[in-house]
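Per-entry structural report
Letter by letter, the chains look like this.
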Amino acid sequence: MPSILSLIQNENMKIYRRIGTWFMIGLLALSTLAGALIIKATYKEPKNWKAEVASEIKEMEAQLSEEKVPKMYKNHLEQQLKINEYRLEHNIKPVASNTFWGYLVDSADIIALITLFTIIVAAGSVASEFSWGTIKLLLIRPASRTKILLSKYIAALLFALCMLLLLFVFSAVIAAVVFGIENIREPYLAYQNGTVVEKNMLLYVMQVYALNCVDLVMMTTFAFMISAVFRNHSLAIGLATFALFVGPQITALLAMKFDWAKYLLFANTNLAQYIDGTPLVEGMTMPFSMMMLLVYFVIFNALTWFIFRKRDIAA
Amino acid sequence: MNPLLQLKNVRKDIGKKTIIHDLSLEVFPGEVFGFLGPNGAGKTTTIRMIVGLMGITSGEVLINGISIQKDFEKAIQHVGAIVENPEMYKFLTGYQNLLHYARMTKGVTKERINEVVKLVGLEKRIHDKVKTYSLGMRQRLGLAQALLHRPSLLILDEPTNGLDPAGIREIRDYLRKLAKEEGLGIIVSSHLLSEMEMMCDRFAIIQHGRLVGIESVQELSKQAQKVLLTVEPVEQALTVIKNIYPHMNITPAKQGIEVSIDYKEIPSLNAALVSENIKVYGIQVLTKSLEERFLEMTGGNEIA
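Numbering of residues starts from 1 in every chain and runs along the sequence as written. Both sets of labels track the order of writing: A upward for chains, 1 upward for ligands. Only residues with pLDDT of at least 70 get local features here, since the model is predicted, and only at 80 or more are side-chain atom pairs given and counted; chain-wide, interface and lining totals rely on the full set of residues. For side-chain calculations, the full set of non-hydrogen atoms in the structure is used, while hydrogens and water are omitted.

**A look at the packing of helix α9 (residues 201-230) of chain A against helix α10 (residues 233-257) of chain A**
Residues and elements named next belong to chain A. As a rule, the C-alpha atoms of each element are fitted with a line to give its axis, helices using only the stretch in contact, and angles between N-to-C directions run from 0 to 180 degrees. Strands here mean DSSP runs of E at least two residues long; helices mean DSSP runs of H or I at least four residues long; both are numbered from the N terminus. Viewed as axis vectors pointing N to C, α9 and α10 meet at an angle of 150 degrees, and their least axial separation amounts to 8 Å. When the interaxial angle is binned, α9 and α10 end up roughly antiparallel. Every pair of crossing elements has a handedness; the one defined by α9 and α10 is right-handed. For the pair α9 and α10, the contacting residues are Asp-215, Met-219, Phe-222, Ala-223, Ile-226, Ser-227 and Phe-230 in the first and Leu-235, Ala-236, Leu-239, Ala-240, Ala-243 and Leu-244 in the second. Residues are grouped as follows: nonpolar covers Ala, Val, Leu, Ile, Met, Phe, Trp, Tyr, Cys and Pro; charged covers Asp, Glu, Lys and Arg; every other residue, Gly included, is treated as polar. Broken down by class, the residue content of the contact of α9 with α10 amounts to 11 nonpolar, 1 polar and 1 charged. Note on angle classes: values under 35 degrees are labelled roughly parallel, values over 145 roughly antiparallel, values of 65 to 115 roughly perpendicular, and the remainder oblique. What makes a crossing left-handed is the near helix being turned counterclockwise from the far one by less than a right angle; a clockwise turn instead makes it right-handed. Whether two residues touch is decided by their heavy atoms; if any such pair falls within 4.5 Å, the residues are in contact.

Put into structure tokens, the structure is as follows:
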């Protein structure tokens, strides 16, 4: 009986021996470069950041003095206010897009592209075996279907991890070259237990990356499920990308009218809403969202596993 | 001898339709066993159930006495198979394809891969991408992946499809050798009846999901023989034969006279004809072909 490691090795071979995969990696590098160049060309440095921060503070104070401010939003404003005051006191510039760290934070937006690529890889790893007809020779080996499915899932997530590392490295190198590294010692300001604290910027970037990966993992799992259930590559890619790009909008619209929208997947994928923003539906908390994500995660995986294990391989 | 493969009342329902009805058969080590049947008879479905690609509604499939449903991983490790066409990863080379399958079974070394490559005659092209292969070469690669882990039961769906006559002969001889010398049990399905006749020891005829019969090729050749006599003049010869063998089944054919006669009687019949001054140009023994037997058993359905 083969070990799960050799099965993963097989799946990796099938991912990286294809030109499409390298095309994706090239596209990722290109997007990172293009992003930096566009910011370099279009970003306008504020003449006096202190004046700008001061005016922001005034605006916030005005908003806070209004009567009907929702509690969640009020908290958020107060935190931002404190952080801005700290900046002026300690002479710490806000992180701008045209700096090393600013670009690394912005590069997290490119994770949407990685999500798309991982969806393509994950959907393909099951559906393609069916369309190529290779599924028959794959499943008549002394490896249970559960093991084979698991190896494919792990290989897809490893691909995502690999792409994330590449994105980070690409972004860091490009940001260093394009924007320079003179601000590399800049701290990240966070609000903790009533006070503003200085934190490591690298940890903050990693946190931003991690938060952006929630979508990635959930959509990859979703695409994997569609692919195993319908054995159709295009359908899996189509449904997952459609959900990825349209899901949050529809959820936001529903959340304005209905309370139950908080149980929808996309109401919970954006965990950043609890850190520096306001929750979609009042009363939602980080543990609630994590619980919901776990429930969806288990449902997706259980369905995939159940159907793949039972299926008759015909045609 | 313990059977390598046992099918016990195997039944497959899809929806409300029964595709395979209570099929039972056994395959022993050292024999080549053929699956014959018209299109849609259930040959491929049966093969898929044997290798665990399809579930079994009721009944049991045992490989080396191990149930394929209950202990898949253990039962399948001694099976090598090609199911329908040998579909491979086209973007990988032949060698990478074999490496892929080698990793899925314990104990397949690099040396074994090279050995199998040599065996199927693909040394020159094994490091080329599979998309550049001809159907015959893919068939050889398919055979290679089935043999990698030295299985004791080999299941081949149309193994000679796409091969040229020399390749067919080569594969046929090789399969016979595997069965005879290494004691493998081999199941082949083919629609080329004459080829099956040359390759198989026994074969099962399946029709409408039912086992019509299991025949051995040896028995087939022992069945009542017909002899074709090429003689002149025909009329006179007919009278002579009727005089000696009044109860014989005689049919005048285009090329001469066809008679049903015991093998041992042929020389005396010949002597009788010669003594009556009839010119005997040829005596040809007609064995019943697999095709005739097949058509007889399946009621003349078209063979695909």
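**Re the sheet that holds strand β10 (residues 210-216) of chain B**
Residues and elements named next belong to chain B. Paired strands, in this sense, are two strands between which DSSP finds at least two bridges. Strands sit in the order β6-β7-β8-β3-β9-β10 across an open sheet of 6 strands; the sheet is mixed. In the strand order of this sheet, the two ends are held by β6 (79-82) and β10, each with one partner. Ignoring strand direction, the axes of neighbouring strands in this sheet form an average angle of 15 degrees. As defined by bridge partners, strand β9 (residues 202-207) adjoins β10 across 6 bridges and the pair is classed as antiparallel. Across the sheet, the residue bridging to Phe-203 is Glu-215, located in β10. Seen against the sheet, helix α1 (residues 43-50) touches β3 (32-36), β7 (153-157), β8 (185-189) and β9 and runs at an angle of roughly 135 degrees to β3. Helix α5 (residues 135-147) rests against β6 and β7 of the sheet, and its axis sits at about 165 degrees to β6.

**A short note on the interface of chain B and chain A**
Each partner contributes to the interface: chain B provides 32 residues, whereas chain A provides 31 residues. Here the quantity called buried area is the total loss of accessible area, with a 1.4 Å probe, experienced by two parts when brought into contact, counted for both. Counting the surface lost from both chain B and chain A, the interface buries some 3000 Å², and carbon and sulfur atoms represent 59% of this. Per-residue buried area on chain B facing chain A is highest for Leu-53, Arg-103 and Met-104 of chain B; these three make up 25% of the total on that side. When a carboxyl oxygen of Asp or Glu is within 4 Å of a side-chain nitrogen of Lys or Arg, the pair counts as a salt bridge. Joining chain B to chain A, the criterion identifies 3 salt bridges. Notably, a salt bridge pairs Asp-312 of chain A with Lys-12 of chain B, separated by 2.6 Å at the nearest N-O pair. Between N or O atoms, a polar contact is any pair within 3.5 Å; within protein, one atom must be a potential hydrogen donor and the other a potential acceptor, and residues adjacent in sequence are included only when both atoms are from side chains. Joining chain B to chain A, the criterion identifies 16 residue pairs in polar contact (both at pLDDT 80 or more). Per-element accounting of the side of chain B that touches chain A gives the leading share, 5 residues, to helix α3 (residues 94-103) of chain B.

**Here we look at the sheet that holds strand β13 (residues 257-260) of chain B**
Residues and elements named next belong to chain B. Here we have 4 strands laid out as an open sheet, ordered β12-β13-β11-β14, and antiparallel in their pairing. A single partner strand is all that each edge strand has here, and the edge strands are β12 (250-252) and β14 (279-286). Strand-to-strand, the axes of this sheet are offset by a mean angle of 20 degrees, without reference to chain direction. Bridge analysis of strand β11 (residues 226-232) against β14 gives 7 bridges, and the strand direction is antiparallel. Bridging across to β14, Val-227 finds its partner in Val-285.

**Quick notes on the environment of Gly-256 of chain B**
All names here are of chain B. Looking at where Gly-256 falls in the secondary structure, it is placed in the loop between β12 and β13. Placed 223 residues apart in sequence, Gly-256 and Phe-33 show a C-alpha to C-alpha distance of 37 Å. The contacts of Gly-256, once residues within four sequence positions are left out, are Leu-228 and Leu-229.

**Quick notes on the UniProt feature "transmembrane region" (unreviewed entry) in chain A**
All names here are of chain A. UniProt positions are given in the numbering used here, feature names are shortened, and annotations may be inferred rather than shown by experiment. Residues annotated by UniProt as "transmembrane region" (unreviewed entry) correspond here to residues 21-39, 110-132, 153-181, 201-224, 236-256 and 288-308. Split by type, residues 201-224 is 100% helix and 0% strand. Its first and last C-alpha atoms lie 34 Å apart. Annotation note: span residues 288-308, helix share 100%, strand share 0%, distance between end C-alpha atoms 30 Å.

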